[in-house]
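Letter by letter, the chains look like this.
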Amino acid sequence: MSGQRRAYVFAVAAALVIFGGYLSSLAPTVTFWDAGEFIAAARTLGIPHPPGTPLFVLIAHVWGALVPIGEYAYRLNVLSALFSAAGGGFIFLLVYDTLASASARQDGSARPWLCGLGAMAAAAAACFTFTQWQNSNETEVYAVATAMIAALAWLCFVWRRERDTPRGVRILLLMLYLGGLAIGCHLLSLLAGPAIVMFMASVLIGAPAPDAGERRAEWARLSVVAGTWALLIGGGLGSTSLVTAGAILVALAIGLAIRGRVFPFALAALAVATIGMTTYFVLYIRSGLHPVINEAAPDNFRALLEVLRRAQYPVRTPLDDPTIMHGADNPGRTLTMFGWQLLNYGQYFDWQWANGIRGGWSLPFGELPWRTAFTLLFFWLGTRGFLVQRRVDRSGWILLSTLFLTTGFGLLVYMNFKPGYSVGYPAFPDPALHEVRDRDYFFVVSFVVWGIWAGLALAMYAIRAVRRPGLAGRIGAGAVLSAGLLPFLLNYPAASRRSGPDARLAADFSYDLLNSVPPYGILFTYGDNDTFPLWWAQEIAGIRRDVSVVCLALAQTDWYMRELRDAPVRPFEPSSAPPLWQGRSTTAPTWPLHSMTNAEVDAARPVMLPSALTVQLGPVSVDYPARTVLMSNDILVLRIIQQNLGRRPIAWATTTGRDFHGLDRYVVQRGLVYELRAVPSDSSTPAEGLVRVPAMTLDVPTTEQLVWHTYRYAGLEGSDVGALDPTSQGIARTLATPFAQLALASDLRHDTEGAIRNLARASRLSPNATFTNALRKLEASDSTRLGP
């Protein structure tokens with residue numbers, strides 16, 4: 001077997017091992033954030049949030065249809081694991097090539113088995129970094145992006161080996177085609193471009209072709225690659241200025257190509273890159289067919305361009321203060337803010353190597369987590385690997401170094417994030433000044449590169465160890481290489497989604513929310529985590545499709561308002577509903593969710609009322625004083641209420657807050673929702689079971705039926721809720737709140753036993769000092785009352 005073929009066999013084996021590691025931690029169903037949206041879009045061939053990721057949706061749709069293993073969400077989670085494992089195989093080949101070349105230069109022997117084990121250690125250290133692992137066991141686009149970057153990096157090595165053959169030219173065209181395809185998955189892949197260009201330049205400078213004509217041809221090809229990649233970046237961002245700059249570079253490159261007699265290559269390069277980008281026409285085609293999920297509705301060129309440009313998101317430039325809206329009043333980014341961003345990146349780096357370890361050392365300045373010891377170990381190993389690669393493979397070192405800088409420091413500068421979700425609260429106490437979640441996934445490629453360097457260091461130490469005579473050298477080499485598995489062993493408790501509440505919390509929460517409203521209810525939600533899992537539940541699991549979900553964040557856009565109006569009401573299916581809603585006399589609505597015309601939708605922009613206004617909302621009227629500000633989604637909500645109050649159940653999820661547009665006295669809490677009634681809640685009779693708890697009227701009988709007999713809790717009780725990620729902890733608190741309110745209602749009615757029972761359940765779902773202290777106080781008072 002030839003050395004190259006042996007490397008491919010080893011790479012497949014490495015990828016299968018990594019794939020097995022991912023499978024052992026795979027989420028069995030939907031997870032929070034974007035996963036529910038992607039899964040539902042894949043099933044329905046819909047369009048997820050900008051930039052739409054059409055290629056990812058197509059791949060996922062075909063995979064989900066052809067691989068009938070387990071629940072649909074599980075299939076797509078497996079797809080993520082498969083892509084990341086394939087990326088691990090490419091990483092293996094890249095490191096194997098470096099080790100084989102370095103070993104052969106040192107003593108004339110490549111030692112395939114040792115190079116293979118060393119490359120396996122590097123691939124494992126890179127693929128089981130915490131963030132890469134988390135991206136690989138749920139349905140997300142980052143697994144595809146990192147796999148594509150790994151493939152492009154490996155193709156650079158192949159081009160170097162084949163550059164003086166016709167195959168070398170075809171490799172360059174393949175890389176440009178993958179760059180075009182990358183736009184349809186995630187723009188992160190395009191960040192490989194600068195690294196590719198720097199690698200090619202390094203090779204051409206370090207080992208120039210002997211013939212002057214061939215040297216001109218190679219530099220001309222490099223200029224074509226650079227110009228085409230710049231054009232891809234501009235096109236991927238939908239930026240007119242960047243496209244113009246890219247076009248100028250391409251024009252200059254074509255001039256060099258003509259001089260270097262490689263003009264056909266320039267035409268082929270532009271052609272294959274353009275063909276790769278054509279996946280975006282899928283958005284235009286599918287949007288015109290009105291799929292269930294049709295975000296930004298790109299059924300015309302203007303809307304398609306706005307999807308590419310992400311026009312629905314607020315502008316933030318690298319020069320802005322990220323905590324303040326872009327505009328003339330923005331004071332600009334400061335060194336202090338940049339310091340917080342660097343600190344945040346350091347925090348994310350600290351998570352990568354041993355994030356499953358809990359506890360730490362108590363020091364005078366605070367607690368130092370135990371995982372930090374392993375972070376320092378891998379920081380040192382990565383530094384050693386960085387220096388080793390610089391010595392043994394200068395071009396490969398330039399490739400990875402450029403990739404590390406662009407996906408680490410470069411993204412830090414360009415993205416200009418607010419202070420992270422979990423840092424900086426003493427300086428920025430308002431949660432609105434922080435990112436809504438930790439953004440470590442943006443920097444995942446830089447962590448993977450550092451893992452490669454750490455693995456390279458381990459491999460070189462193993463090569464040194466094996467030079468010792470006898471068995472001791474082999475044992476020492478094996479012990480050193482086994483350190484590559486440390487991220488797998490030490491991250492597993494935090495990265496795994498297979499068991500515990502993480503396994504089903506998003507699925508159960510979506511079930512609970514949808515079943516909180518009566519048949520044909522209208523449910524207002526807030527954002528990603530109380531909306532996207534509901535899309536999965538309705539489109540994949542078939543749960544309560546009769547409920548009209550209205551996301552208030554999306555309701556600020558005109559396309560979403562039109563889609564809500566035009567969406568058909570799907571039938572209520574009693575057999576699949578919980579007993580609470582079965583046996584009810586229901587009639588499907590025959591009217592749209594709202595009656596706003598396209599002109600009214602276009603005119604629904606934020607407004608400050610110049611004078612007091614009384615609005616009739618069905619049987620209820622509400623007064624708004626002068627200077628009241630109504631946002632676009634406020635106008636939509638009022639029109640929906642006006643159209644449906646007294647005709648369809650209307651409710652807000654408790655995750656939306658308590659802004660009821662002046663209708664507070666008509667709102668009653670039922671489980672996880674605030675339901676709007678056509679009569680004031682204070683006009684109810686005692687038989688209705690309504691109890692006034694602080695700031696809210698609670699429907700006790702319905703809430704008890706929901707929380708005790710309808711809802712699902714994903715095994716939160718008895719689990720270590722404190723070990724969950726912040727999102728899951730927040731959902732646990734949300735699920736515990738109705739029990740705490742029932743406990744308060746029971747206490748107000750002097751039902752101590754009921755108060756204890758509900759508060760105990762709340763404490764098991766979300767342990768916190770408030771619940772625990774109140775429960776102890778109630779138990780102490782009850783024991784006193786019942787004592788001798």
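Note that this is a predicted model, so its numbers are computed, not measured. (Residues numbered from 1 in each chain as written. Predicted model: local features only at pLDDT ≥ 70, side-chain atom pairs only at ≥ 80, totals over all residues. Heavy atoms only, no water.)

Trainee: An account of the overall build of the protein chain is needed here, citing residue identities and associated values.
Mentor: For the protein chain, the helix and strand inventory stands at 29 helices and 13 strands. Scaling as 2.2 N^0.38, a compact globule of 788 residues should have a C-alpha radius of gyration of about 28 Å, and the protein chain matches this with 29 Å. Principal axes of the C-alpha set define a box for the protein chain whose edges measure 95 × 70 × 55 Å. Looking at the 788 residues of the protein chain, the share that counts as buried comes to 56%. In the protein chain, the share of contacts with a sequence separation of at least 24, taken over all contacts with a separation of at least 6, comes to 71%. Within the structure as shown, the protein chain displays about 32,500 Å² of accessible surface, and the carbon and sulfur contribution to it stands at 63%. In the protein chain, which carries 63 positive and 55 negative side-chain charges, the distance between the mean positions of the two groups comes to 10 Å. (Helix = DSSP H or I, 4+ residues; strand = E, 2+ residues; numbered from the N terminus. Rg over C-alpha atoms; globule rule 2.2 N^0.38 Å. Buried < 20%, exposed > 50% of the residue type's maximum accessible area, 1.4 Å probe, protein only. Contact = heavy atoms within 4.5 Å. Areas by Shrake-Rupley, 256 points an atom, 1.4 Å probe, with all protein chains shown as cover. Lys, Arg positive; Asp, Glu negative; His and termini not counted. Charge placed at Lys NZ, Arg CZ, Asp CG, Glu CD.)

Trainee: Report on helix α22 (residues 532–539), specifying residues and quantitative values.
Mentor: Burial within α22 is extensive, with 8 of its 8 residues counted as buried. Looking only at α22, the buried set comprises F532, P533, L534, W535, W536, A537, Q538 and E539.

Trainee: Go over the packing of aromatic side chains with me, naming the residues and quoting the values.
Mentor: Two numbers describe a pair of aromatic rings. These are the distance of the centres and the angle of the planes. One pass over the structure, following the stated rule, counts 46 aromatic pairs. Note on F38 and F56: the rings are 5.4 Å apart at their centroids and 70° apart in plane angle, and the pair reads as edge-to-face. In this pair, F38 sits in helix α2 (residues 35–44) while F56 sits in helix α3 (residues 54–66), placing the two residues 18 residues apart along the sequence. The class for F38 is buried, based on a relative accessible area of 3%. Seen in terms of ring centroids, W708 and F739 are 5.2 Å apart; in terms of plane orientation they differ by 85°. Their pairing is edge-to-face. Within this pair, whereas W708 is found in helix α26 (residues 700–709), its partner F739 is found in helix α27 (residues 726–748), the two being separated by 31 residues in sequence. Sitting over the face of the ring of Y72, R43 holds its NZ or CZ atom 4.7 Å from the ring centroid. Across from the ring centre of W397, 5.3 Å away, lies the NZ or CZ of R390, which sits over that ring. (Phe/Tyr/Trp six-rings, centres within 6.5 Å; stacked < 30°, edge-to-face > 60°. Lys NZ or Arg CZ within 6 Å of the ring centre and 35° of its normal.)

Trainee: If you had to explain the pairing of strand β9 (residues 650–653) to someone new, which residues and values would you point to?
Mentor: Side chains I650 and W652 project from β9 onto one buried face, and the interleaved A651 and A653 project onto a second face that is buried too. Of the pairings in the sheet, the one linking strand β3 (residues 522–525) to β9 comprises 3 bridges and is parallel in character. Bridging from a neighbouring strand, I522 pairs with I650 of β9. Sheet analysis places β9 next to strand β11 (residues 673–676), joined by 4 bridges and oriented antiparallel. Across the sheet, residue A651 finds its bridge partner in β11, namely E675. (Pairing = 2+ DSSP bridges.)

Trainee: Go over empty space enclosed by the protein, please, and point to the residues and values.
Mentor: Counted according to the given criterion, the structure contains 7 cavities of 30 Å³ or more. Volume-wise, the largest cavity comes out at about 150 Å³. Taken together, 17 residues form the lining of the largest cavity, with I91, T146, I149, A150 and V448 sitting closest to its centre. Counting only elements with at least two residues in the lining of the largest cavity, the list comes to α4 (72–107), α7 (142–162), α17 (394–415) and α18 (444–466). The element best represented in the lining of the largest cavity is α4, accounting for 5 residues. By residue class, the composition of the lining of the largest cavity is 13 nonpolar, 4 polar and no charged. (1 Å grid on protein atoms, 1.4 Å probe; cavity = no way out; pocket = protein on both sides within 12 Å on 5 of 7 lines; lining within 4 Å. Points joined across faces, edges and corners; volume = space filled by probe spheres on them. Nonpolar A, V, L, I, M, F, W, Y, C, P; charged D, E, K, R; others polar.)

Trainee: Got a sec to walk through the pattern of salt bridges? Specific residues and values, please.
Mentor: Charged atoms that come close allow side chains of opposite charge to pair. Under the defined criterion, the tally for this structure stands at 22 salt bridges. Two residues, D508 and R504, come together in a salt bridge whose shortest N-O distance is 3.6 Å. Using a relative accessible area of 34% as the deciding quantity, one classes R504 as partly exposed. Residues participating in the shared-partner salt-bridge network are D97, R160, R161 and D393. (Salt bridge = Lys/Arg side-chain N within 4 Å of Asp/Glu carboxyl O.)

Trainee: Describe the layout of surface pockets, naming the residues involved and giving the relevant values.
Mentor: Left-over empty space is what a probe sized like a water molecule reveals as it rolls over the atoms. For the second largest pocket, the calculated volume is near 1,200 Å³. As for the second largest pocket, its lining consists of 48 residues, of which F130, Q134, L724, D725 and P726 are closest to the centre. Elements supplying a minimum of two residues to the lining of the second largest pocket: α6 (130–136), α15 (335–351), β2 (366–369), α20 (486–495), α21 (505–514) and α27. Of the residues in the lining of the second largest pocket, the class split is 19 nonpolar, 16 polar and 13 charged.

Trainee: Can you tell me about a positive patch on the surface, naming the residues and giving the values?
Mentor: On the surface, R215, R216, R259 and R261 cluster together into a patch of positive charge. For R259, a relative accessible area of 59% gives the class exposed. (Patch = residues over 30% accessible without salt bridge, like charges linked within 9 Å, V, L, I, M, F, W, Y side chains within 5 Å.)

Trainee: Give me the lowdown on the packing of α17 against α18, citing residues and values where you can.
Mentor: For the pair α17 and α18, the least separation of the axes is 8 Å and the interaxial angle reads 150°. Along this stretch, α17 crosses α18, giving a crossing that reads as left-handed. Across from L400, S401, L403, F404, T407 and G408 in α17, the residues of α18 making contact are V445, S446, V449, W450, I452 and W453. Along the lines of polarity and charge, the residues of the contact of α17 with α18 split into 8 nonpolar, 4 polar and no charged. (Axes fitted to C-alpha atoms, helices over the stretch in contact; angles between N-to-C directions. Left-handed = near helix turned anticlockwise from the far one by under 90°.)

Trainee: How would you summarise helix α28 (residues 752–765) if you had to cite specific residues and measurements?
Mentor: Between its first and last C-alpha atoms α28 spans 20 Å; for 14 residues at 1.5 Å apiece the expected length is 20 Å, and the two agree. Counted residue by residue, α28 has 11 buried out of 14 residues, so it is predominantly covered. (Expected span 1.5 Å × (residues − 1).)

Trainee: Got a sec to walk through the confidence of the model for the protein chain? Specific residues and values, please.
Mentor: Detailed reading of the predicted model is not advised wherever pLDDT is low. Counting all residues, the mean pLDDT for the protein chain is 89, and 95% of those residues have values of 70 or more. Mean pLDDT across the secondary structure elements of the protein chain bottoms out at helix α29 (residues 769–786), with 67, and peaks at β3, with 97. (pLDDT = per-residue confidence, 0-100.)

Trainee: Explain the packing of α7 against α17 to me, using residue names and the numbers behind them.
Mentor: Here α7 crosses α17 at 160°, and the two axes come no closer than 11 Å. Taken together, α7 and α17 sit at an angle that is classed as roughly antiparallel. Classified by chirality, the crossing of α17 by α7 is right-handed. Of the residues in α17, those in contact with I149, A153, C156, F157 and R160 of α7 are S395, G396, L399 and L403. (Parallel < 35°, antiparallel > 145°, perpendicular 65-115°, else oblique.)

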